[in-house]
Amino acid sequence: MTRFGIIGGGLMGHGIAVALAQAGHRAGVFDNDPATLASLGERVGSAVRRTATAGARVAAIGDRVSAVDSLAELAKQADVVIEAVSERLAVKHDVLASLEPHLAPDTPVWTNTSVLSISEVARAMLHPRRLVGVHWWNPPYLIPLVEIAPGAETGPDFADHAHGLLTELGKTTVRLHRDVPGFIGNRLQFALVREALHLLAEGVCEPGTIDTVVRAGVGLRWTAVGPMENADYIGLDLTRAILGSLASTLSTESHEFPVLDRLLAQERTGRAGGRGLFDWGAGRAEEVAARLAAGIRHNLSGPA
Ligand SMILES: NC(=O)c1ccc[n+]([C@@H]2O[C@H](COP(=O)([O-])OP(=O)(O)OC[C@H]3O[C@@H](n4cnc5c(N)ncnc54)[C@H](O)[C@@H]3O)[C@@H](O)[C@H]2O)c1
């Protein structure tokens, strides 16, 4: 049993705590927002129920997650610290600088940053060797993938340790040879989002059509055969020929995203704002959360 200390009890922090508790570990969670900390138990309970865990185990898993009052307390209890605070470099620097004086120099620290450079995050640290990029996917207690990347100063022993522990935990782990913004998954995901926004801006289709193409087409394929294996399967000559015709028509935009900017100017921010690319009327958010959890569970239980 490993004792984890998680800094940031928001969407990812509480979800990572559940993933760890499901595997029999303990997690102490600190958040500087008292309301977030106060609702931790309730959110952990809902998350565990979403995994369709049988009744008696729900309480046992919940009991392994506890709220912690301070960084000092968290550091005292933790074998491994996970940083899951807001995605702002200055916030992560502050948190790590406040944490380290309380922590033994060889205690591993994992950052769950989505797109910041691990080397940059480590810049505020007394012992940057111990910082490893460990990127979980939401919801962390359902999605198997965890991406692991070293920063320029990460000790290989710390990256090996993270890899071993997460693999033991039952996660599907991948290792990057070096740190790139967005790891692999978000780079692939946002290349696709950029092209989808380009198609919308060009008036090719509606947002719902993009989602149908992904959900009923490429998404289904990719759960079974990834794009690299598929490139070999259809033939690298065909793959080369398709790219030769198509690549010059794909978006390479890096600044202008007019579809998003137009919606944002109307305060159409998506789910939280009630409208975005879609209308988020009563019940849609809950339906999407339930569909996401059920869909992932269904895919995971299907034939390999
Ligand atoms: N949302 C996702 O799908 C996702 C996926 C993978 C990684 N991430 C990354 O995980 C991290 C957390 O994201 P999230 O979606 O959970 O955000 P969130 O806003 O839900 O949670 C962040 C939490 O950090 C807390 N916090 C902020 N400053 C703090 C401080 N100084 N001390 C203690 N707590 C502090 C906030 O109160 C909040 O509860 C980010 O780096 C994000 O990029 C997010």
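Values in this document were obtained by computation on a predicted structure and should not be read as measured data.

Trainee: Quick question: what am I supposed to make of the overall build of the protein here?
Mentor: Across its full length, the protein holds 14 helices and eight strands. For 304 residues, the compact-globule formula gives about 19 Å, and the C-alpha radius of gyration of the protein, at 21 Å, lands near that figure. Across its three principal axes, the protein shows a C-alpha extent of roughly 60 × 45 × 45 Å. The long-range share in the protein, meaning contacts at least 24 apart out of those at least 6 apart in sequence, stands at 67%. Roughly 16,800 Å² of accessible area belongs to the protein as shown, and the carbon and sulfur atoms make up 57% of that amount. Across the protein, the 28 positively charged side chains and the 33 negatively charged ones have centroids separated by 4 Å.

Trainee: Can you walk me through the site of the ligand in this structure?
Mentor: In the vicinity of the ligand there are 22 residues, among which Met-12, Asp-31, Glu-87, Lys-92 and Ser-114 approach most closely. Separating a nitrogen atom of the ligand from a backbone N or O atom of Asn-32 is a distance of 3.3 Å. Notes on the ligand: free accessible area 820 Å², of which the protein chains cover 75%. Mapped onto the shell around the ligand, the elements with two or more residues apiece are α1 (11-22), α6 (89-99) and β6 (131-136). In terms of residue class, the shell around the ligand is made up of eight nonpolar, ten polar and four charged.

Trainee: Help me understand the sheet that holds strand β1 (residues 3-7) in this model?
Mentor: To summarise the sheet geometry, strands pair through backbone hydrogen bonds and adopt either a parallel or an antiparallel arrangement. Pairing within the open sheet is mixed, and its eight strands lie in the order β3-β2-β1-β4-β5-β6-β7-β8. Of all the strands in the sheet, the pair left with one neighbour each is β3 (65-67) and β8 (172-175). With strand direction ignored, the average angle separating the axes of adjacent strands in the sheet is 25 degrees. Against the sheet, helix α8 (residues 156-168) engages β1, β4 (80-83), β5 (109-111), β6, β7 (145-150) and β8, with an angle of about 160 degrees to β8.

Trainee: It is not clear to me how the pattern of salt bridges should be interpreted in this structure. Could you clarify?
Mentor: A side chain with one charge may pair with a side chain of the opposite charge, provided their charged atoms come close. In the structure shown here, the tally under the stated rule is nine salt bridges. A salt bridge links Arg-3 to Asp-79; the shortest N-O distance between them is 3.0 Å. Linking Arg-3 in strand β1 with Asp-79 in the loop between α5 (71-77) and β4, this pair joins segments that are 76 residues apart in sequence. Accessibility expressed as a relative area gives 31% for Asp-79, which makes it partly exposed. With a closest N to O distance of 2.7 Å, Glu-83 and Lys-92 form a salt bridge. Taking relative accessible area as the criterion, Lys-92 reaches 1% and is therefore assigned buried. Each member of the salt-bridge network shares a partner with another, and the members are Glu-83, Glu-87 and Lys-92.

Trainee: How do you make sense of the pairing of strand β2 (residues 26-30) when you look at a structure like this?
Mentor: For a regular strand, the rule is simple: side chains alternate between the two faces of the sheet. With four of its five residues buried, β2 lies for the most part within the structure. When β1 meets β2, the two strands line up parallel, connected through five bridges. If you follow Phe-4 over to β2, its bridge partner there is Ala-27. Since β1 and β2 lie parallel, the crossover through α1 that links them has a hand, and here it is right-handed. Across three bridges, the pairing between β2 and β3 is parallel. Opposite Val-29, over in β3, you have Ala-67 as the bridge partner.

Trainee: Would you mind going over the pairing of β1 with me for this structure?
Mentor: Here β1 lies mainly inside the structure; four of its five residues are buried. Sheet analysis places β1 next to β4, joined by four bridges and oriented parallel. The residue bridging Gly-5 from the neighbouring strand is Val-81, located in β4.

Trainee: Sorry if this is basic, but what is going on with the nonpolar core here?
Mentor: When a protein is soluble and globular, its nonpolar side chains tend to lie buried together. Within the largest apolar cluster, 36 residues are counted, with the highest numbers of intra-cluster contacts made by Ile-6, Leu-20, Trp-110, Val-134, Trp-136 and Leu-166. In terms of residue count, the dominant contributor to this core is α1 (seven residues). Leaving out residues up to four positions away in the same chain, Trp-136 has contacts with Met-12, Ile-16, Ala-19, Leu-20, Asn-112, Leu-145, Val-146, Leu-166, Leu-169 and Lys-171. Formed by 23 residues, the second largest nonpolar core is a distinct cluster that contains Leu-71, Leu-99, Val-109 and Leu-131.

Trainee: So what exactly am I meant to see when it comes to the domain arrangement of the protein here?
Mentor: Accessible area lost when the parts come together is the quantity often used to give the size of an interface. Partitioning the protein into domains gives domain 1 (3-175) and domain 2 (185-301). The C-alpha-based centres of domain 1 and domain 2 are spaced at 28 Å. Across the domain 1 to domain 2 interface the summed buried area is about 760 Å²; carbon plus sulfur atoms make up 69%. Three residues stand out in domain 1 for area buried against domain 2, namely Arg-50, Trp-137 and Leu-142, and they jointly supply 53% of the buried area on that side. Remark: the boundary between domain 1 and domain 2 carries one residue pair in polar contact (both at pLDDT 80 or more).

Reading the values: the criteria
- Residues numbered from 1 in each chain as written.
- Predicted model: local features only at pLDDT ≥ 70, side-chain atom pairs only at ≥ 80, totals over all residues.
- Heavy atoms only, no water.
- Helix = DSSP H or I, 4+ residues; strand = E, 2+ residues; numbered from the N terminus.
- Rg over C-alpha atoms; globule rule 2.2 N^0.38 Å.
- Contact = heavy atoms within 4.5 Å.
- Areas by Shrake-Rupley, 256 points an atom, 1.4 Å probe, with all protein chains shown as cover.
- Lys, Arg positive; Asp, Glu negative; His and termini not counted.
- Charge placed at Lys NZ, Arg CZ, Asp CG, Glu CD.
- Near = heavy atom within 4 Å.
- Polar contact = N/O pair within 3.5 Å; in protein donor to acceptor, adjacent residues only side chain to side chain.
- Nonpolar A, V, L, I, M, F, W, Y, C, P; charged D, E, K, R; others polar.
- Pairing = 2+ DSSP bridges.
- Axes fitted to C-alpha atoms, helices over the stretch in contact; angles between N-to-C directions.
- Salt bridge = Lys/Arg side-chain N within 4 Å of Asp/Glu carboxyl O.
- Buried < 20%, exposed > 50% of the residue type's maximum accessible area, 1.4 Å probe, protein only.
- Right-handed = clockwise from strand over helix to strand, strands pointing away.
- Core = buried A, V, L, I, M, F, W, Y, C linked by side-chain atoms within 4.5 Å.
- Domains from an automatic or database assignment.
- Buried area = accessible area lost by both parts, 1.4 Å probe.

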